[in-house]
Amino acid sequence: MASIICGSLAFDTIMRFEGRFSDQILPDQIHNLNVSFLVPSLRRDFGGCAGNIAYALQQLGGDPLPMATLGTDGADYLQRLKDLGIATDYVSVVEGSYTAQAMIMTDSDNNQITAFHPGAMMHAHQTRIAARGDVKLGIVSPDGRDAMLQHAEQFAAAGIPFVFDPGQGLPMFDGAALRHFVSLATWVTVNDYEGKMLSDRTGLGFAELSRQVQGLVVTLGGEGSEVWVAGERTLVAPVRVDELVDPTGCGDAYRGALLFGLERGWPLARCAELGSRIGALKIAQRGPQNYSVDRAAWGL
C-alpha cells in the first residue's frame, strides 16, 4: 500500500542563534526593524514537507510516493531519495528554477525565523494525481497554491482518501477555499496556531470541523495533541525527551506517522500516539531527516 505525499522538496539552511530573538527586537522600534544575528552554527539539510513526511513514513516501514518538483540544482536530492529506497515516480525537475530553499534560524528558546524561496515548487501544479492500484492514501501538505487546490480535487476525483495538512500554506487561502478543502478531505491536521486560523477563517469550531471529516488532529507542541472525531475530543500525551535539540521537521515526522497508522486502519488516536513518539525521536536529532527508527524495538 502506497501513499502519495504532495508538498515541497527543499534544501534547509539551518542556523543557530545562541541568544533570544526577544532580546534583540525592540518593541518600540518594530516599525524600523534592522537587526543582525550572529549564527556560529550553520548546516544544510535535505528538507521540505514532502521529503520530511516521506522520510518518516519510509523509516516506519511505509511506502511513500512524494509528488514534488526540484530545480536544476536538485540532483543530490533526487539521488538521496533513490538511495533511501523512496520512489521518485512523481518527482520532476523544472528547468530554469532553483529547488525550494528554506533559511531557518532558531534561538535558544527554540523560536524560529524562516525565509522561504519557493523556486521549482511554484510549478508543482503541473503534476497530476490519478487512480493507481497500489495507492490507497494521500496527503496535501504545504506546496504551491494552485498545486494544493488541484491536488485536493484530484485526490477526491480519483477516490483516494487524503489528509489536508495546510501548515504554513494556510494563510494563502480564504474561508471559502478552506471550507472547500475540508469538504474534499478525509482527515485534517494542523498545529494549534494553524487550527485557530482555520477555525477563524471557516467559522467552524474544532468539534464542527471534525464532524465534516473522519477526524481532525491538532498538535500542541510539547503538550501533545488533540484528536477530534465526530465532535468528541481525545487528548494524546506527548512523549518527553531528555534534550530538545532541533524542532525542525517535527510536525512532518508526526504526519508521516499519521499516514503509517491510517494505511493500517488504526484508530486516529493510535496514529497520533505514534506521531508523538516519532516526533520526540526527531527533535532529539539535528535536521529533519537525520533520525532512524528501530522498527523491531517499536513493534512495527
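Residues numbered from 1 in each chain as written. Predicted model: local features only at pLDDT ≥ 70, side-chain atom pairs only at ≥ 80, totals over all residues. Heavy atoms only, no water.

1. Some remarks on the overall build of the protein
Condition: In this description a helix means any DSSP run of H or I spanning at least four residues, a strand means any run of E spanning at least two, and both kinds are numbered starting from the N terminus. In this setup the radius of gyration rests on C-alpha atoms only. A globule is expected at 2.2 Å times the number of residues raised to 0.38. Only protein chains enter the calculation, and the probe is 1.4 Å; a residue is then buried if its accessible area is under 20% of its type maximum, exposed if over 50%, and partly exposed in between. Here a residue-residue contact requires only that any non-hydrogen atoms of the pair lie within 4.5 Å. Where accessible areas are quoted, they stem from the Shrake-Rupley method and a 1.4 Å probe; at the residue level, only the protein chains shown are allowed to cover. Neither His nor the chain termini are counted; the positive set is Lys and Arg, and the negative set is Asp and Glu. A single reference atom marks each charge: NZ on Lys, CZ on Arg, CG on Asp, CD on Glu.
A tally of helices and strands in the protein yields 10 helices and 13 strands. Against the compact-globule benchmark of 19 Å for 300 residues, the protein has a radius of gyration of 19 Å, which places it among compact chains. Taken over the C-alpha atoms alone, the protein extends approximately 50 × 45 × 45 Å along its principal axes. Among the 300 residues that make up the protein, the fraction classed as buried is 54%. Excluding contacts between residues fewer than 6 apart, the proportion of contacts in the protein whose partners are at least 24 apart in sequence is 69%. With the model as given, the accessible surface of the protein reaches about 13,200 Å², and the carbon-plus-sulfur share is 50%. When the 23 positive and 33 negative side-chain charges of the protein are each reduced to one mean point, those points stand 4 Å apart.

2. Quick notes on the sheet that holds strand 6 (residues 100-106)
Under the convention used in this document: Pairs of strands are assigned from DSSP output, requiring at least two bridges between the strands. Lines fitted to C-alpha atoms define the axes here, with helix axes fitted over just the stretch in contact, and angles between the N-to-C directions of these axes take values from 0 to 180 degrees.
With mixed pairing, the 4 strands of this open sheet are ordered in space as 3-2-6-7. On the outer flanks of this sheet lie strand 3 (41-47) and strand 7 (112-117), each paired with one strand and no other. Strand-to-strand, the axes of this sheet are offset by a mean angle of 20°, without reference to chain direction. Sheet topology note: the strand 2 (residues 10-16)/strand 3 ladder contains 7 bridges and is antiparallel. When the bridges of strand 3 are listed, Ala10 appears paired with Gly47.

3. Remarks on helix 8 (residues 250-263)
To keep things clear, this is the line we draw: For a helix, the expected span equals 1.5 Å multiplied by the number of residues minus one.
With 14 residues, helix 8 should reach 20 Å at 1.5 Å per residue; the first-to-last C-alpha distance of 20 Å fits that figure. Most of helix 8 is tucked away: 12 of the 14 residues are buried. Within the span of helix 8, buried status applies to Asp252, Ala253, Tyr254, Arg255, Gly256, Ala257, Leu258, Leu259, Phe260, Gly261, Leu262 and Glu263. Following helix 8 by one or two positions, Gly265 adopts a phi angle in the positive range, close to 75°.

4. Let's talk about the pattern of salt bridges
We count it as follows: Throughout this description, the term salt bridge denotes a Lys or Arg side-chain nitrogen within 4 Å of a carboxyl oxygen of Asp or Glu.
As enumerated under the stated definition, the model contains 10 salt bridges in all. Residues Asp134 and Arg132 are paired through a salt bridge, measuring 2.7 Å at the closest nitrogen-oxygen approach. Asp134 sits in the partly exposed class, given a relative accessible area of 32%. Assessed through its relative accessible area of 28%, Arg132 is described here as partly exposed. Arg211 is paired through a salt bridge with Glu208; the nearest N and O atoms lie 3.4 Å apart. On the criterion of helical spacing, the pair formed by Arg211 and Glu208 is a turn pair, its members being 3 residues apart in helix 7 (residues 206-212). Assessed through its relative accessible area of 51%, Arg211 is described here as exposed. With a relative accessible area of 33%, Glu208 lands in the partly exposed category. Three or more residues are tied together by salt bridges with common partners; here these are Arg43, Asp45 and Asp246.

5. Thoughts on the sheet that holds strand 4 (residues 64-70)
One open sheet accounts for 9 strands, arranged 5-4-1-8-9-10-11-12-13; its pairing is mixed. The outermost strands of the open sheet, each flanked by one partner alone, are strand 5 (90-93) and strand 13 (232-236). Here the strands of the sheet are splayed against their neighbours by 20° on average, with no regard to which way each runs. Sheet topology note: the strand 11 (residues 215-219)/strand 12 (residues 225-229) ladder contains 4 bridges and is antiparallel. Residue pairing for strand 12: Val217 is matched across the bridge by Val227. The strands that helix 2 (residues 49-60) touches are strand 1 (2-6), strand 4 and strand 8 (135-140); relative to strand 1, the one it contacts most, it runs at about 160°. Along the sheet, helix 8 contacts strand 1, strand 8, strand 9 (162-164), strand 10 (187-191), strand 11 and strand 12; its crossing angle with strand 8, the most-contacted strand, is approximately 155°.

6. Side note on unusual backbone geometry
Although it is not a glycine, Ala230 adopts a positive phi angle of roughly 55°. Along the polypeptide, Ala230 turns up in the loop between strand 12 and strand 13.

7. Comments concerning helix 5 (residues 175-184)
Here is the rule: The arc refers to the directions leading from the helix axis to the C-beta atoms.
Every buried residue of helix 5 is accounted for by Gly175, Ala177, Leu178, Phe181 and Val182. Within helix 5, the buried residues cover an arc of 165° as seen down the axis, which keeps them to one side.

Coordinates in, geometry out; function isn't part of it.
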